[in-house]
Amino acid sequence: MSTDESRRESVPANVEAGWIPGLGEHRPQPRQLGKALFVHTPDAFDQKGIELPSERNQKQAQDRAAKRRERTIEEQKPKVEETTPIKMAAAEPEPGTAEEVAEAETASEDQAQPIDGESAQNRLLIKNGKVVNDNEMVDTDVYIEDGIIKEMGRNLTIPGGSRIIDARGKYVIPGGIDTHTHMEAELMGAKSVDDFYQGTKAAIAGGTTMIMDFVIPAKGESLIEAYDKWRGLADEKVCCDYALHVAVTWWSDKVKEEMALLCKENGINSFKMFMAYKDVLMLEDTELYEVFETCRELGAIAQVHAENGSIIAENTRKLLAAGVTGPEGHALSRPEEVEEEAVHRAAMIAGQVNCPLYVVRVMGKPAGDAIGAKHSKGVVIFGETLASALGTDGRMYWNSCWRHAAAHVTSPPLRPDPTTPVHLMKLLASGDLHTTGSDNCTFSESQKALGKDDFSKIPNGVNGVEDRMSVVWEKGVQSGLMDPKRFVAVTSSNAAKIFNIYPRKGCIAVGSDADIVVWDPQKTRTISAKTHHQGVDFNIFEGLECHGVPEYVIVNGRICVDEGDLKAVHGFGRFVPTPVYAPFVYEMVKDRDESLKEKPYVDGIPPTGSNAAMTEDPMVCTTANAVHKISLNTTHEQNGSDDHILAAGTHETPCSTPGDAHSRPLTKAGSRNLQDSTFSISSENPEDSTHRASIRVQNPPGGKSSGGFW
């Protein structure tokens, strides 16, 4: 059977007549959104002095937004439970013989059966499990009341009517925090199929009890209005708690003012900037500098999608001109170098204003290594990778089935090197990367087909919110690369600390929210689109068998997965404000400020963003965080030198003496002439030739090319 005939079998019958080899089904007509419901008729409304429905709706929306802001301010005020000292109860030995203990437990369970549904939801005891936090594992029981962890220890005295869960042989872990989702996102002419109800329901099924979604305003759109829109979409639907990051897609004085309002009144402490998606979402370097500076002033965290958008645009143009139109063109247009370069550039710019940097969705080995290297030097930088990058790889873009290949399209792309997932997992285990998200942004087969003639028009996004926890456990813990404590750190605790919701979230301790998973490490499940709870018709982890299954998932004290049975509640979740000046993050920034005061200027350049002097390594942090320390266990050794942060692929020999730093004459201003450089991008440079990217395509599914580019 020919390749085209084999592909024809996978094409739906309704598109058979217009089928094109390698391209899948027809391009659907764009969905018309926001259709007007009312027609303005002056006789019916204006002349009779009656308020127009559109005006009334607008006022109602404004009132709802005002109430949400008031509620958010109230939510940010500390509660009694949140200020309770967090303490872990030490495990106490159980008295008597094993037979006596078993009889006592049986009698206790008989006496404490729930008397009604309400009491069972409000009072819960988890017994005989091993509680796992990011810093310790301890055998202890956990008593929950009214959504809060009230007591921990053995032989607890609990009220009658409490439900008891026997977690013998299982881990009791903090609910997962997915740092990166896009529910109901409108992108590239399509709207993601998982809304806030379907998406958070699926999250709970997999052991995630909180998501962090992104508000993405259009260029020129008010950040406040976009935030209100996302709150309106999410508040009535979410099954679990959620927080929001806000993207900065354009820059002006108004945007700067709205960033301050979002931090002060709306519970936002992180802003995302795109270095990709040229002419759509991308910011230029000068704009990045100003946004980073504003984040530092506000006590916020700057996030970046790190890819060189200008290079991607040129690569895309050349590939399409050569006839490469299939999904493989997406990977070829965005090689690892463009991700690595952007990581270096973002870290350099953030360093100029001493702004903490969080790099989202790290997909390649070079980018991950770059973050680890900077972190080992004390750089205030955090890296997030994704379940997709850990559970599969970019060879899928060359699959003979266009539908299968297109379903994996995401940016930055999955890398075709099959060793990438293990490498990224090792970076997570060592502390060079810090969190795991899903970047859950799901599009159906028909929506992906918008790019059947042009890979650059395939809506970017994959699933993962439901499978993230199991994939990380299988590829990390089950494989022996990390222990359960590190698993808790990279799936929950680190996110809570970085975004300043710890210890309310991300740990099991007295006073914390009762977001808990009873995790069965021996049980297995096979991932499939036929059985998952998401709205999308494809699963990129199809057929993957995972050890580690959530047997019980507790959201704010309510059992939402009960012995594997999903019982998520529409609208049960709450918005969780993320306050500025996260202690873990800004203790590092403060330490860097103190360190810089002791260092001389470099090349006569005065410091910016603080009263400190710049060093050759612009983000040195000499002391550990004294508030909530994340144990990084980094494998990188710090040599104590002040080496320059170098661009990818360059090399530098350390100076033998301080005076060697200025080996060329100074300019009249007293500094080295920065334009007098030995750096070259010429292909004639033999040292640089090994780092040049080249695109070579041998008869790919979506087109062909007989040669290489640049």
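Rules of the game
- Residues numbered from 1 in each chain as written.
- Predicted model: local features only at pLDDT ≥ 70, side-chain atom pairs only at ≥ 80, totals over all residues.
- Heavy atoms only, no water.
- Pairing = 2+ DSSP bridges.
- Helix = DSSP H or I, 4+ residues; strand = E, 2+ residues; numbered from the N terminus.
- Disulfide = S-S within 2.5 Å.
- Buried < 20%, exposed > 50% of the residue type's maximum accessible area, 1.4 Å probe, protein only.
- Core = buried A, V, L, I, M, F, W, Y, C linked by side-chain atoms within 4.5 Å.
- Contact = heavy atoms within 4.5 Å.
- Axes fitted to C-alpha atoms, helices over the stretch in contact; angles between N-to-C directions.
- Parallel < 35°, antiparallel > 145°, perpendicular 65-115°, else oblique.
- Left-handed = near helix turned anticlockwise from the far one by under 90°.
- Phe/Tyr/Trp six-rings, centres within 6.5 Å; stacked < 30°, edge-to-face > 60°.
- Lys NZ or Arg CZ within 6 Å of the ring centre and 35° of its normal.
- Expected span 1.5 Å × (residues − 1).
- Polar contact = N/O pair within 3.5 Å; in protein donor to acceptor, adjacent residues only side chain to side chain.
- pLDDT = per-residue confidence, 0-100.

Chemist: Would you explain the sheet that holds strand β21 (residues 565-566) in this entry?
Modeler: Two orientations exist for strands paired in a sheet by backbone hydrogen bonds: parallel and antiparallel. Taken together, seven strands build an open sheet; the order of strands is β3-β2-β7-β18-β19-β20-β21 and the sheet is mixed. Of all the strands in the sheet, just β3 (137-139) and β21 have a single pairing partner and so form its edges. Pairing geometry for strand β20 (residues 558-562) and β21, over two bridges, is antiparallel. The partner of Val561 across the bridge, within β21, is Leu566.

Chemist: Even after reading the chapter, I still don't get the state of the cysteines, so can you show me in this structure?
Modeler: Such a bond, covalent and formed between the sulfur atoms of two cysteines, is termed a disulfide. Enumeration according to the criterion identifies zero disulfides in this entry. A disulfide-free cysteine, Cys239 has its sulfur positioned 7.0 Å from the sulfur of Cys240, the nearest such atom. Left unpaired, Cys560 is separated from the closest cysteine sulfur, that of Cys239, by 7.7 Å.

Chemist: I would appreciate a short explanation of the pairing of strand β8 (residues 176-181) in the present structure.
Modeler: On any regular strand, side chains alternate: one points to one face of the sheet, the next to the other face. Of all the six residues making up β8, six are buried; the element is thus mostly covered by neighbouring parts of the structure. Examined bridge by bridge, β8 and strand β11 (residues 208-215) share four bridges and lie parallel to one another. Across the sheet, Thr181 pairs through a bridge with Asp213, a residue of β11.

Chemist: Any chance you could explain the nonpolar core here in plain terms?
Modeler: Across soluble globular proteins, nonpolar side chains have a tendency to be buried as a group. Counting residues in each nonpolar core, the largest one holds 99 residues, and the members touching the most others are Ile204, Val248, Met259, Phe271, Phe292, Leu357 and Phe487. Excluding residues that lie within four positions of it along the chain, Ile204 makes contacts with Cys239, Cys240, Val553, Val555, Cys560, Val561, Leu566 and Ala568. Grouped together as the second largest cluster of nonpolar side chains are 24 residues, Ile177, Val380, Ala495 and Phe499 included.

Chemist: What's the story with the packing of helix α9 (residues 285-298) against helix α12 (residues 336-352) in this structure? I'm lost.
Modeler: Each pair of packed helices gets described by two things: the angle between the helix axes and the distance between those axes. α12 packs onto α9 with a crossing angle of 50° between their chain directions and a minimal axis gap of 9 Å. Accordingly, the angle class assigned to the pair α9 and α12 is oblique. The two elements α9 and α12 cross, and the hand of that crossing is right-handed. Of the residues in α12, those in contact with Asp285, Leu288, Tyr289 and Phe292 of α9 are Arg345, Ala346, Ile349, Ala350 and Gln352.

Chemist: Just checking my understanding: could you explain the packing of aromatic side chains for this structure?
Modeler: We describe a pair of aromatic rings using the distance from one ring centre to the other and the angle between the two ring planes. With the rule as written, the count across this model stands at eleven aromatic pairs. Members of the aromatic cluster, each reached through a chain of ring pairs, are Tyr171, Trp473, Phe487 and Trp519. A cation over a ring is seen here: Lys272 above Phe214, with NZ or CZ 4.4 Å from the ring centre. The ring of Phe572 carries Arg558 above its face, with NZ or CZ at 5.6 Å from the centroid.

Chemist: Can you walk me through helix α7 (residues 223-234) in this structure?
Modeler: Because an α-helix packs 3.6 residues into every turn, residues spaced three or four apart end up facing the same way. A rise of 1.5 Å per residue sets the reference length of α7, with its twelve residues, at 16 Å; its end C-alpha atoms lie 16 Å apart and thus fit the reference within 8%. The complete set of buried residues in α7 reads Leu223, Ile224, Ala226, Tyr227, Asp228, Trp230, Arg231 and Ala234. Where α7 begins, the side chain of Ser222 points an oxygen toward the backbone nitrogen of Ile224, at a separation of 3.2 Å.

Chemist: What is the right way to look at the confidence of the model for the chain in this model?
Modeler: Do not read the predicted coordinates in detail wherever pLDDT is low. The predicted model of the chain has a mean per-residue pLDDT of 78, with 67% of residues at 70 or higher. Low pLDDT (under 50) marks residues 77-118, which in the prediction has 55 contacts with non-local residues, meaning those over four places away or in another chain. Scored below 50 in pLDDT, residues 601-710 makes 178 contacts in the model with residues more than four places away or belonging to other chains.

Chemist: So what exactly am I meant to see when it comes to the sheet that holds strand β6 (residues 163-166) here?
Modeler: The strand order across the open sheet formed by four strands is β5-β4-β1-β6, and the pairing between neighbours is mixed. The two strands at the open ends of the sheet, each matched to only one other strand, are β5 (148-153) and β6. Here the strands of the sheet are splayed against their neighbours by 20° on average, with no regard to which way each runs. Note: strand β4 (residues 141-145) against β5, five bridges, orientation antiparallel. The partner of Asp141 across the bridge, within β5, is Gly153.

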